Amino acid sequence: MNRITKLFNIKYPIIQGGMIWNSGYKLASAVSNAGGLGLIGAGSMYPDVLREHIQKCKKAADRSFGVNIPMLYPNIEEIMNIVVEEDVKIVFTSAGNPKTWTSFLKEKGITVVHVVSSSVFALKAQEAGVDAIVAEGFEAGGHNGRDETTTLTLIPMVKEKIQIPIIAAGGIATGRGMLAAMVLGADGVQVGSRFAASIESSAHNNFKQTIVNIKEGDTQLTLKELAPVRLVKNKFYNDVQALYEKCPSKEDLIELLGRARAKKGMFEGDLEEGELEIGQIAGLIHEILPVEQIVQEMIADFKAAREEKATFEF
Ligand SMILES: Cc1cc2nc3c(=O)[nH]c(=O)nc-3n(C[C@H](O)[C@H](O)[C@H](O)COP(=O)(O)O)c2cc1C
């Protein structure tokens, strides 16, 4: 047991990050049943869809699960009311100010975790009263911090500043990565990309195949003027780069992005025109596997790595 397994009442300190278009109730319940903490990604769901996924997750999961709510999307008030009405016990908030919703959720008895990309934001989240933070490095898939601080740097810096439990995210897909993050000061890890390429992920198979085929260097953080996001370098990404050469205004970028690009890419499988969000660590993901196997391999790898290092002498 440690602070994270105790906080969520789970076996392994592995959290599956909320991921738009990837993490519906099937993925979340599979991770929870495998001994980690699964999160439904509310960011790509209309309120009634979210309610349906929560209800299905309650039936499918025998253990704790939670909901990730990126605060940059509309209908936030409605979404917050749904998690309360549906008696969700754990909420991870991201992409917004932790002060806005933490006390509302805490008053309802909900465990609240907030995602940050710097130690300054980690302190703000601690002050807002959250139970734990996710410290997410620049390697991570999806939306990201502007400062480009890597997980290796971020975790010890956050650890120096805050007292509440820390969950490391960004670049972790193996037990070795998990051990490294925990040695640096994390109490647990949040894994995104590795679970996006699982059988239970709701992503389109074209996207899952892309994840297992891409190599080191095939992703890049872009669109910093809007909300920085790490993308696969596909046609849409190249269109964004071509526009940058013309010194575009923010409005030009918004126009190119248009609507529903992420859905088009990750959910509908349009590999050219869609936005494909994935982390740098995708270069190390070679197979689409069931969640149970991913978790078991991570735990076995963690134990092997810990033993290997324990016998090392100077
Ligand atoms: C496809 C995709 C979608 C994501 N969507 C969200 C989201 O909706 N909300 C959020 O807080 N983080 C989101 N993330 C970030 C993950 O929750 C997680 O923190 C991150 O993937 C960890 O880094 P890794 O990809 O290197 O494992 C997303 C990541 C990916 C890959």
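Residues numbered from 1 in each chain as written. Predicted model: local features only at pLDDT ≥ 70, side-chain atom pairs only at ≥ 80, totals over all residues. Heavy atoms only, no water.

## Section: the site of the ligand
Our working definition: In these notes, residues near a molecule or strand are those with any non-hydrogen atom within 4 Å of it. Between N or O atoms, a polar contact is any pair within 3.5 Å; within protein, one atom must be a potential hydrogen donor and the other a potential acceptor, and residues adjacent in sequence are included only when both atoms are from side chains. For the area figures, the Shrake-Rupley method with a 1.4 Å probe applies, and any residue is considered shielded solely by the protein chains shown. Each helix is a run of H or I in the DSSP string that is no shorter than four residues. Each strand is a run of E no shorter than two, and both are numbered from the N terminus. Under the scheme applied, nonpolar residues are Ala, Val, Leu, Ile, Met, Phe, Trp, Tyr, Cys and Pro; charged residues are Asp, Glu, Lys and Arg; polar residues are all the others, including Gly.
Close contacts around the ligand come from 24 residues, with S94, E136, G171, Q190 and S193 the closest. Between the ligand and G18, the relevant distance is 2.9 Å, taken from an oxygen atom to a main-chain nitrogen or oxygen of the residue. One of the backbone N or O atoms of G170 is found 3.4 Å from an oxygen atom in the ligand. Contact with the protein chains covers 96% of the free accessible surface of the ligand, which is 600 Å². Residue assignment for the shell around the ligand shows that the elements contributing at least two residues are strand 3 (65–70) and strand 9 (188–191). In the shell around the ligand, the residues fall into 10 nonpolar, 12 polar and two charged.

## Brief notes about the pattern of salt bridges
Close approach of charged atoms lets side chains of opposite charge pair. To keep it simple, the criterion reads: Any Lys or Arg side-chain nitrogen located within 4 Å of an Asp or Glu carboxyl oxygen qualifies as a salt bridge. The rule is simple: take the accessible area with a 1.4 Å probe, protein chains only, and divide by the maximum for that residue type; under 20% is buried, over 50% is exposed, in between is partly exposed.
All chains considered together, the criterion is met by 14 salt bridges. The residue K235 makes a salt bridge to D239 at a minimum N-O spacing of 2.8 Å. With K235 and D239 both in helix 11 (residues 235–244) and four residues apart, this pair spans about one turn of that helix. The exposure class of K235 is partly exposed, given its relative accessible area of 34%. Looking at D239, the relative accessible area reads 26%, which means it is partly exposed. Among the salt bridges present, the one from E273 reaches K235, with a minimum N-O distance of 3.0 Å. Remark: K235 occurs in helix 11 and E273 occurs in the loop between helix 13 (261–267) and helix 14 (291–310); sequence separation between them is 38 residues. Each of R51, K58, E85 and E86 takes part in salt bridges that share partners, so that together they form one network.

## Digging into the sheet that holds strand 1 (residues 14–16)
Selection rule: Two strands form a pair only when DSSP identifies at least two bridges running between them. Axis lines are fitted through C-alpha atoms, for helices just across the contact stretch, and the angle between N-to-C directions can take any value from 0 to 180 degrees. Any pair of residues with heavy atoms lying within 4.5 Å of one another is described as a contacting pair.
The eight strands lie next to each other as 1-9-8-6-5-4-3-2, forming an open sheet whose pairing is parallel. The sheet is open, and its two edges are formed by strand 1 and strand 2 (38–41), each paired on a single side. Taken over all neighbouring pairs, the strand axes of this sheet differ in orientation by 25° on average, direction set aside. As judged from the three bridges shared by strand 1 and strand 9, these two strands associate in the parallel manner. In the sheet register, Q16 faces strand 9, and the bridge partner there is V191. Packed onto the sheet, helix 2 (residues 25–33) meets strand 1, strand 2 and strand 3 and runs at close to 170° relative to strand 2. Running over the sheet, helix 7 (residues 151–161) touches strand 6 (132–136) and strand 8 (166–169) and is turned about 150° from strand 6.

## Regarding the packing of helix 6 (residues 119–128) against helix 7
Our working definition: Note that the term roughly parallel is reserved for angles under 35 degrees, roughly antiparallel for angles over 145, roughly perpendicular for angles of 65 to 115, and oblique for everything else. By definition, any crossing whose near helix is turned counterclockwise from its far helix by less than a right angle is left-handed, and any crossing with a clockwise turn is right-handed.
Interaxial distance between helix 6 and helix 7 falls to 9 Å at its minimum, and their mutual angle equals 40°. Judged by the inter-axis angle, helix 6 sits oblique to helix 7. Here helix 6 and helix 7 pass one another in a crossing that is right-handed. Between helix 6 and helix 7, the contacting residues are S119, A122 and L123 on the first element and L154, M157, V158 and K161 on the second. Residue classes in the contact of helix 6 with helix 7 are distributed as five nonpolar, one polar and one charged.

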